[in-house]
Amino acid sequence: MSIQNLIRSNILNLKPYASARDDFKDFDMEMTFLDANENPFETGLNRYPDPQQTALKLRLARIKNCNPNQILLGNGSDEVLDLIFRTFCEPEKDNVVILPPTYGMYGVLANINNVQTLKVNLTADFQPQVSRILNTANENSKVLFLCSPNNPTANSFEAESIEELLQKFKGIVVIDEAYIDFSKHESWVSRLEEFPNLIVTQTLSKAFGLAGIRLGICMASSEIISVLNSIKPPYNINQLTQEVALKRLENLELVNNQIELINAERNRVISSLTSNKITQKIFPSDANFILVKVDDANKRYQQLVEKEIVVRNRTKEPLCENCLRLTIGTPDENTKLLTILKSLI
Ligand SMILES: *Cc1c(COP(=O)(O)O)cnc(C)c1O
């Protein structure tokens, strides 16, 4: 498959913005920088940040077991997803394939970019319908979004299905792994060399506990990364974000302990809900949230709000009638939720 043929021609022919520091990214502290119209007096933040986030990418590459030139960082994964639309999808002509019920941003970004979405619902047990997806896609289908573990259903997709889609879909396959750190499945990052059309996205917003700094991670072939890199805003990852992310990534043991605790709490919440009379079905979870079918989602949602607990009501999503999505909180928060849910009539 030729990736070049999938890229919009205006992007292929683009002359990227050259930022003042691009030629001096191997920061030599002896240099006197009079090139970027910064205020020269030290505040700790008076200089523009490293546009290529060299130190952070090196660290991430080691953790994710890939090459730094296979990584692009975004202001949240949402920025990464938007860059993917702008690279591959010609407005009013191309389309993307999404698998409802899934993450709402794919559809929103498609609308913003004036790109059509082709929807192929998941099966009743929330797996991709591979042959239907392949039959629905046409010559203008540039990107297929697979969210695994999937939001809001919480399950992972079967590896065989993902692999078949990677082999047979004639465009880019994005695997959104926002919840991979909670999952028992391995990341698809280890398969980048095998599938030139694969883009994996991850984030520091969930397991890494840094939703506030906005850091999304995109991993793909160096060919794809260099194109995405050419259209990203030059200084999209600010200095504070780079510093805080590096610090957090030094303390992986702390992160892993929190993930273990959250996963244990998930099992506790599931077992308590199992014996709750409002529960009709608990779907298997491979993430830090669970999708629960209850007797009356609108009513239960309102009752929880009255008790000052906010969950996500997904009843209007396809295949999610009367379903609530519950994020796993601290042990105290979960106990509060479970106590209230038991008392509802
Ligand atoms: C939360 C979430 C993200 C994370 O988005 P950020 O912009 O990195 O915070 C991405 N994809 C899915 C499916 C999510 O649920």
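Scroll up for the structure.
What counts and how
Residues numbered from 1 in each chain as written. Predicted model: local features only at pLDDT ≥ 70, side-chain atom pairs only at ≥ 80, totals over all residues. Heavy atoms only, no water. Pairing = 2+ DSSP bridges. Helix = DSSP H or I, 4+ residues; strand = E, 2+ residues; numbered from the N terminus. Buried < 20%, exposed > 50% of the residue type's maximum accessible area, 1.4 Å probe, protein only. Arc of directions from axis to C-beta. Contact = heavy atoms within 4.5 Å. Polar contact = N/O pair within 3.5 Å; in protein donor to acceptor, adjacent residues only side chain to side chain. Phe/Tyr/Trp six-rings, centres within 6.5 Å; stacked < 30°, edge-to-face > 60°. Lys NZ or Arg CZ within 6 Å of the ring centre and 35° of its normal. Near = heavy atom within 4 Å. Areas by Shrake-Rupley, 256 points an atom, 1.4 Å probe, with all protein chains shown as cover. Nonpolar A, V, L, I, M, F, W, Y, C, P; charged D, E, K, R; others polar. Core = buried A, V, L, I, M, F, W, Y, C linked by side-chain atoms within 4.5 Å. Axes fitted to C-alpha atoms, helices over the stretch in contact; angles between N-to-C directions. Salt bridge = Lys/Arg side-chain N within 4 Å of Asp/Glu carboxyl O.

**Q** What is the right way to read the sheet that holds strand β10 (residues 312–313) from this model?
**A** The strands making up a sheet associate through hydrogen bonds between their backbones, and the pairing can be parallel or antiparallel. Ordered in space as β8-β9-β11-β10, the four strands form an open sheet in which the pairing is antiparallel. Both edges of this open sheet fall to β8 (279–282) and β10, since each of them pairs with a single strand only. Bridge count for β8 against strand β9 (residues 289–294) is three bridges, and the pairing is antiparallel. Pairing of Ile 282 across the sheet is with Val 292, part of β9.

**Q** Can you walk me through helix α10 (residues 297–306) in this structure?
**A** Every α-helix carries 3.6 residues per turn, so stepping three or four residues along brings you back to the same face. Listed in full, the buried residues belonging to α10 are Ala 297, Arg 300, Gln 303 and Leu 304. Across the axial projection of α10, the buried residues extend over an arc of 130°, all falling on one side. In this fold, the buried residues of α10 make contact with β9, β10, β11 (323–327) and α11 (331–343). The opening residue of α10, the one whose side-chain oxygen lies 3.4 Å from the backbone nitrogen of Asn 298, is Asp 296. Glu 308 lies just past α10 and shows a positive phi near 65°.

**Q** So what exactly am I meant to see when it comes to the pairing of strand β6 (residues 198–203) here?
**A** Consecutive residues of a regular strand have side chains that alternate between opposite faces of the sheet. Where burial is concerned, most of β6 is hidden: six out of the six residues are buried. By the alternation rule, side chains of β6 split into Leu 198, Val 200 and Gln 202 and Ile 199, Thr 201 and Thr 203, which are all buried. With four bridges connecting them, strand β5 (residues 172–176) and β6 associate as parallel partners. Paired with Val 173 across the strands is Leu 198, a residue of β6. Bridge count for β6 against strand β7 (residues 216–220) is five bridges, and the pairing is antiparallel. When the sheet's bridge partners are listed, Gln 202 is paired in β7 with Ile 217.

**Q** I'm lost on the packing of aromatic side chains in this one. Help?
**A** Any pair of aromatic rings gets described here by the distance separating the centres and the angle formed by the planes. In total, this model carries six aromatic pairs according to the counting rule given. Residues Tyr 48 and Tyr 235 carry aromatic rings whose centres are separated by 4.5 Å and whose planes lie at 25° to one another, so their mutual orientation is stacked. Taken together, the positions of Tyr 48 in the loop between α1 (9–12) and α2 (54–64) and Tyr 235 in the loop between α7 (222–231) and α8 (239–249) put the pair 187 residues apart, joining distant regions of the chain. When the ring of Tyr 103 is compared with that of Tyr 106, the centres are 5.5 Å apart and the planes differ by 80°; the resulting orientation is edge-to-face. The exposure class of Tyr 106 is buried, given its relative accessible area of 0%. An aromatic cluster is built from Phe 85, Tyr 103, Tyr 106 and Phe 145, whose rings are joined through pairwise contacts. Stacked on the ring of Phe 289, the Lys or Arg Arg 325 has its end atom at 5.6 Å from the ring centre.

**Q** Which parts of the structure should I look at to understand the site of the ligand?
**A** Taken together, 13 residues lie near the ligand, and Ser 77, Tyr 179, Thr 203, Lys 206 and Arg 214 sit nearest. Asp 78 places a polar main-chain atom, nitrogen or oxygen, 3.2 Å from an oxygen atom of the ligand. Here Thr 203 contributes a side-chain N or O atom positioned 2.7 Å from an oxygen atom of the ligand. With the chains in place, 93% of the 390 Å² that the ligand exposes on its own is no longer accessible. Looking at the shell around the ligand residue by residue, the classes come out as four nonpolar, five polar and four charged.

**Q** Looking at this structure, how should I read the nonpolar core?
**A** One broad trend across soluble globular proteins is that nonpolar side chains are buried collectively. Grouped together as the largest cluster of nonpolar side chains are 52 residues, with contacts concentrated most on Leu 99, Leu 144 and Leu 146. If we skip the residues at most four places from it in the chain, Leu 99 touches Val 120, Leu 122, Pro 128, Ile 133, Leu 144, Phe 145, Leu 146 and Phe 157. Listed in part, the 31 residues of the second largest apolar core include Ile 98, Tyr 106, Ala 110 and Phe 145.

**Q** Explain the environment of Ile 345 to me, please; I cannot follow it from the model alone.
**A** Counting through the fold element by element, Ile 345 comes out in the segment after α11. For the pair Ile 345 and Tyr 235, spaced 110 residues apart in the sequence, the C-alpha separation amounts to 53 Å.

**Q** I tried to follow the sheet that holds strand β4 (residues 141–147) on my own but got confused; where do I start?
**A** The seven strands are arranged β1-β7-β6-β5-β4-β2-β3 in an open sheet whose pairing can be described as mixed. Each end of this open sheet is capped by a strand with a single partner; those strands are β1 (71–74) and β3 (116–119). The average undirected angle you get between the axes of adjacent strands in this sheet is 25°. Sheet analysis places β1 next to β7, joined by four bridges and oriented antiparallel.

**Q** Teacher, can you tell me more about the pattern of salt bridges here?
**A** Working definition: two side chains of opposite charge can pair if their charged atoms are close together. Counting across every chain of the model gives ten salt bridges. Two residues, Asp 94 and Lys 142, come together in a salt bridge whose shortest N-O distance is 3.0 Å. Residue Asp 94 is found in the loop between α3 (77–88) and β2 (95–98), and its partner Lys 142 is found in strand β4; the two are separated by 48 residues along the sequence. The salt bridge involving Lys 184 is made with Asp 286; its shortest N-O contact spans 3.3 Å.

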